[in-house]
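# Residue-level structure breakdown
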Amino acid sequence: MNLRALAVAALFLLAGCATTARAPVSAPAVAVSPATWQQIDREILSASQQATEQAKLFARGSMEHWRTRVYQQTEENFIPWFSSYWTQEWLSMKVSWYTISAGGEQDASAKRLAAYLLEQYQERVLAPVAVEIDPDAILGQSTAFYAQQMAQQMPLIAQRHGVPVAQLNGRLQKIPAIALGPPPARDASLYQVISTEPLNTLPAYAALIDKIHTDGGAKGIASTDAGMAPVARRASQRMEAEMAPRGAAGAVAAAAGKLAGALISVGVAGIRAIIQANDRPDSEALIRSSLGNTFDKAWLKLVQNPTTGVMAGTLHIAGQVEGSLGDRQEPSVGQGLQRVEWRPPESTSQQIQPDPQGE
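Below you will find a few notes about this structure. From a predicted model like this one, the values you see are computed outputs, not experimental measurements. (Residues numbered from 1 in each chain as written. Predicted model: local features only at pLDDT ≥ 70, side-chain atom pairs only at ≥ 80, totals over all residues. Heavy atoms only, no water.)

## Observations regarding the overall build of the chain
In terms of helices and strands, the chain carries 11 helices and 2 strands. When its helices and strands are written in sequence order, the chain yields α-α-α-α-α-α-β-β-α-α-α-α-α. The buried share among the 359 residues of the chain stands at 41%. A separation threshold of at least 6 residues defines the contact pool for the chain, and within that pool the share at least 24 residues apart is 77%. Counting only carbon and sulfur atoms, one obtains 58% of the accessible surface of the chain, whose full area is about 19400 Å². (Helix = DSSP H or I, 4+ residues; strand = E, 2+ residues; numbered from the N terminus. Buried < 20%, exposed > 50% of the residue type's maximum accessible area, 1.4 Å probe, protein only. Contact = heavy atoms within 4.5 Å. Areas by Shrake-Rupley, 256 points an atom, 1.4 Å probe, with all protein chains shown as cover.)

Structure below.
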């Protein structure tokens, strides 16, 4: 066989290889009747309602866990720290300084003491619990849970009606899910919400979470400053009342001489320790009741509030989806929840529950 014949054979071989590598042919669009699309829309709406209920159960269970952990940390770390002798001595020094530097401002020492106690509560209770779980995380998890539930249902809906997934996705791109614009980056379709993984990489979702935080106020979730006010006021008043006797005892000790003065000072300190020990059950009862009332209200608000609570992200998306599909009734959250109560561990010596009439 000569070289020319070999060249011709090679050309035929290359031509054969070229004809076998054909470009993929996209599946032809399936004709879908308006009635079928209407049925699909109804099923998407129903899927959204079911996903909302599932997200609600998830959020409620997570919030119950968070509440339990906050109660435990308060009982185990904050209340014993607050009512201990040396903490009370340190707080007395701070109240003395607050009073001296008040400049005539009314209740200045109580306000500054409340701010200090709130700092300590954040450090000793809320921050350690947040390492494990907190409402901000539950907000994001609940919204992502809704999106995951919806993503699982869409292929099943397409299969039931014999509609290619690509065509259904095209319809999902026309259903609004996040509407915060302008600019357009603050808006997102249902398709974008269920297909973006992880969800927090979607700009419109980040804008939604930021709006929820802004609407919730600068103090953020689970603010306990109102609960600290009566605790700080009572502690401040008691400590201020103790200042005058302490000053008198100090003067007597100084006049009595070095040795006798030391004994008198020790005696006064012992009396203060006894007074504080006797006052401890009342102090613990007050702080438990005050924090319990405030925390319970904050907890209910986080569970129930549709714009700033842990279900706010889910409810915004579900409201947009269901509204565009014809159901104008806003999704509900937290219906039928009863008022919660502060329930410290059974080992606590004295338990004071919030006043049922308290607001």
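After that view of the structure, there is still more to cover.
## Considering the pattern of salt bridges
Pairs may arise between side chains of opposite charge once their charged atoms sit close together. If you walk through the whole model with that rule in mind, you get 7 salt bridges. Between Arg171 and Asp41 there is a salt bridge, with its nearest N and O atoms 3.0 Å apart. With Arg171 in helix α6 (residues 165-172) and Asp41 in helix α2 (residues 34-83), this pair connects stretches of sequence that are 130 residues apart. Taking the relative accessible area as the measure of exposure, Asp41 reaches 14% and is therefore buried. Of the charged contacts, one joins Lys211 and Asp215 as a salt bridge, the two residues approaching to 2.8 Å between their closest N and O atoms. With Lys211 and Asp215 both in helix α8 (residues 203-216) and 4 residues apart, the pair spans about one turn of that helix. One connected set of salt bridges, linked through shared partners, spans Arg60, Glu64 and Arg67. (Salt bridge = Lys/Arg side-chain N within 4 Å of Asp/Glu carboxyl O.)

## Some remarks on the nonpolar core
With 70 residues, the main nonpolar core has Ile44 and Trp66 as its most contacted residues. The element contributing the most residues to this core is α2, with 16 residues. (Core = buried A, V, L, I, M, F, W, Y, C linked by side-chain atoms within 4.5 Å.)

## Points about the packing of α2 against helix α11 (residues 312-324)
The geometry of α2 relative to α11 is characterised by a closest axis approach of 10 Å and an angle of 165 degrees between their N-to-C directions. Relative to α11, α2 is oriented roughly antiparallel. Pair α2 / α11 crosses with left-handed handedness. Between α2, through Ile44, Leu45, Ser48, Gln49, Thr52 and Ala55, and α11, the contact on the second element is made entirely by Thr314, Leu315, Ala318, Val321 and Glu322. A per-class count over the contact of α2 with α11 returns 6 nonpolar, 4 polar and 1 charged. (Axes fitted to C-alpha atoms, helices over the stretch in contact; angles between N-to-C directions. Parallel < 35°, antiparallel > 145°, perpendicular 65-115°, else oblique. Left-handed = near helix turned anticlockwise from the far one by under 90°. Nonpolar A, V, L, I, M, F, W, Y, C, P; charged D, E, K, R; others polar.)

## A look at the packing of aromatic side chains
The final tally for this structure, using the stated rule, is 5 aromatic pairs. Here the aromatic rings of Phe78 and Trp81 are separated by 5.6 Å at their centres, their planes lie at 40 degrees, and the arrangement is tilted. Note that Phe78 and Trp81 are positioned in helix α2 at a spacing of 3 residues, about one turn of the helix. Taken together, the ring pairs connect Phe78, Trp81, Phe82 and Tyr121 into an aromatic cluster. In this structure, Arg67 packs its charged tip against the face of Trp299, placed 4.6 Å from the ring centre. (Phe/Tyr/Trp six-rings, centres within 6.5 Å; stacked < 30°, edge-to-face > 60°. Lys NZ or Arg CZ within 6 Å of the ring centre and 35° of its normal.)

## Some details on unusual backbone geometry
The omega torsion of the bond from Gly181 to Pro182 falls at 0 degrees, within 30 degrees of zero and hence cis. Within the secondary structure, Pro182 is located in the loop between β1 (176-179) and β2 (187-189). With omega at 0 degrees, the peptide bond leading from Glu197 into Pro198 counts as cis. The topology assignment puts Pro198 in the loop between α7 (190-195) and α8.

Read these as spatial facts, not as claims about activity.
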